[in-house]
Amino acid sequence: MTTAVGTTGRVHSWDLSTGVDGPGTRFVLFLSGCPLRCLYCSNPDTWHMRDGRAMTVDETVAEIERYADFLIAAGGGVTLTGGEPLLQPAFTAEVLHRCRALGLHTALDTSGYLGARASDALLADTSLVLLDIKSFDAPTYRELTGAALPPTLTFATRLARLGIPTRIRYVLVPGWTDDEAAVDGLAAFVAGLSNVEQVDVLPFHKLGAPKYDKLGIPFPLRDTPVPDPELTRRVREQFRSHGLTAH
């Protein structure tokens, strides 16, 4: 892959995390810009590319390289998230490629809505895809995200065809994504994909609410309860009943 000189992206921030954004300790790069407006989004400050900092690939990789030896020793790597990394596919592709050249495990956290923008070369440099499937019910998906479901399912099928290791992320929101039939439908779909390592059922939380307050915009699910442990267990068991590993 030939790296273009001076490719620039819009970067919101970065952080180090363990056990949340892929295996081991991760350098998590948050890119700015997202085409979705998920009602439960915990990072509304990443919605607009204009709010990000302009950084070249060289500048970004130089920051990552400072931690490379530590990340490798910790069994971790680099995760690109956002926002939506595939809104900036050229920048994302080059960062992933450079990270792989450093011997780092790479992960792409995406809704899959812009999956058509991910080239085969970009995916070949991706060790793991964290695919967020917001709902398996098309009308609910539209109401929950403001976008259509089919592009994500098409991307999921493509990942399976290419054999790209994938983890499915499913945010459990009472009254929105807890419908038994919809969960069973998604579980059956995912069970048919040979590349899925596990399903992460993520209980809805309100930790991002202060960001909405700071931005002066309403948090749509402020009054929605978080799921109780029994509901979370039920949904995880639904995935397991289809032969999937669910956490």
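Residues numbered from 1 in each chain as written. Predicted model: local features only at pLDDT ≥ 70, side-chain atom pairs only at ≥ 80, totals over all residues. Heavy atoms only, no water.

Q: Could you clarify how one ought to interpret the overall build of the chain in this entry?
A: The helix and strand inventory of the chain stands at nine helices and eight strands. Its C-alpha atoms give the chain a radius of gyration of 18 Å, within 12% of the compact-globule value 18 Å for 247 residues. When the 247 residues of the chain are sorted by exposure, 51% land in the buried category. Expressed as a percentage of contacts within the chain between residues at least 6 apart in sequence, the contacts between residues at least 24 apart total 73%. Accessible surface for the chain amounts to roughly 10700 Å². Of this, 54% is attributable to carbon and sulfur atoms. For the chain, the distance from the average position of its 23 positive side-chain charges to the average position of its 28 negative side-chain charges is 3 Å. (Helix = DSSP H or I, 4+ residues; strand = E, 2+ residues; numbered from the N terminus. Rg over C-alpha atoms; globule rule 2.2 N^0.38 Å. Buried < 20%, exposed > 50% of the residue type's maximum accessible area, 1.4 Å probe, protein only. Contact = heavy atoms within 4.5 Å. Areas by Shrake-Rupley, 256 points an atom, 1.4 Å probe, with all protein chains shown as cover. Lys, Arg positive; Asp, Glu negative; His and termini not counted. Charge placed at Lys NZ, Arg CZ, Asp CG, Glu CD.)

Q: Help me understand the environment of Ile-133, please; the structure alone is not making it clear to me.
A: Among the secondary structure elements, Ile-133 is positioned in the loop between strand 6 (128-132) and helix 5 (138-145). Judged by its relative accessible area of 0%, Ile-133 falls in the buried class. Between the C-alpha atom of Ile-133 and that of Val-171, which follows or precedes it by 38 residues, the distance is 8.2 Å. With residues up to four places along the chain from it excluded, the contact list for Ile-133 reads Thr-152, Ile-168, Arg-169, Tyr-170 and Leu-186.

Q: What's the story with the packing of helix 1 (residues 57-65) against helix 3 (residues 89-101) in this structure? I'm lost.
A: The description of two packed helices rests on the angle between their axes and on the distance between the axes. Contact geometry of helix 1 with helix 3 gives a least axis separation of 10 Å together with a crossing angle of 40°. It follows from the interaxial angle that helix 1 and helix 3 lie oblique. Note that helix 1 runs across helix 3; the crossing there is right-handed. Residues Val-57, Asp-58, Thr-60, Val-61 and Ile-64 of helix 1 touch helix 3, and the partners they reach there are Phe-91, Glu-94, Val-95, Arg-98 and Cys-99. For the contact of helix 1 with helix 3, the per-class residue count stands at six nonpolar, one polar and three charged. (Axes fitted to C-alpha atoms, helices over the stretch in contact; angles between N-to-C directions. Parallel < 35°, antiparallel > 145°, perpendicular 65-115°, else oblique. Left-handed = near helix turned anticlockwise from the far one by under 90°. Nonpolar A, V, L, I, M, F, W, Y, C, P; charged D, E, K, R; others polar.)

Q: I'm lost on the pairing of strand 8 (residues 196-203) in this one. Help?
A: It is a general feature of regular strands that their side chains alternate between the two faces of the sheet. Bridge count for strand 7 (residues 166-172) against strand 8 is seven bridges, and the pairing is parallel. From the neighbouring strand, Thr-166 faces strand 8, where its bridge partner is Val-196. The handedness of the strand 7 to strand 8 crossover, carried by helix 7 (residues 180-191), is right-handed. (Pairing = 2+ DSSP bridges. Right-handed = clockwise from strand over helix to strand, strands pointing away.)

Q: Which parts of the structure should I look at to understand the packing of aromatic side chains?
A: When we look at a pair of aromatic rings, we describe it by the centre distance and by the angle of the planes. The final tally for this structure, using the stated rule, is six aromatic pairs. Measuring from centroid to centroid gives 6.3 Å for Trp-14 and Phe-27, while their planes differ by 20°, and the two rings are stacked. Of the two residues, Trp-14 sits in strand 1 (residues 8-18) while Phe-27 sits in strand 2 (residues 25-31), which places them 13 residues apart along the sequence. Exposure remark for Trp-14: the relative accessible area of 28% places this residue in the partly exposed category. Ring geometry for Phe-136 against Phe-189: centres 5.7 Å apart, planes inclined by 35°, an arrangement best described as tilted. With Phe-136 in the loop between strand 6 and helix 5 and Phe-189 in helix 7, this residue pair connects regions lying 53 residues apart in the sequence. Of the residues examined, Phe-136 reaches a relative accessible area of 26% and is grouped as partly exposed. Among the aromatic residues, those joined into a cluster by ring pairs are Trp-14, Phe-27 and Tyr-67. (Phe/Tyr/Trp six-rings, centres within 6.5 Å; stacked < 30°, edge-to-face > 60°.)

From the geometry alone we can't say anything about function, so treat these as descriptive.
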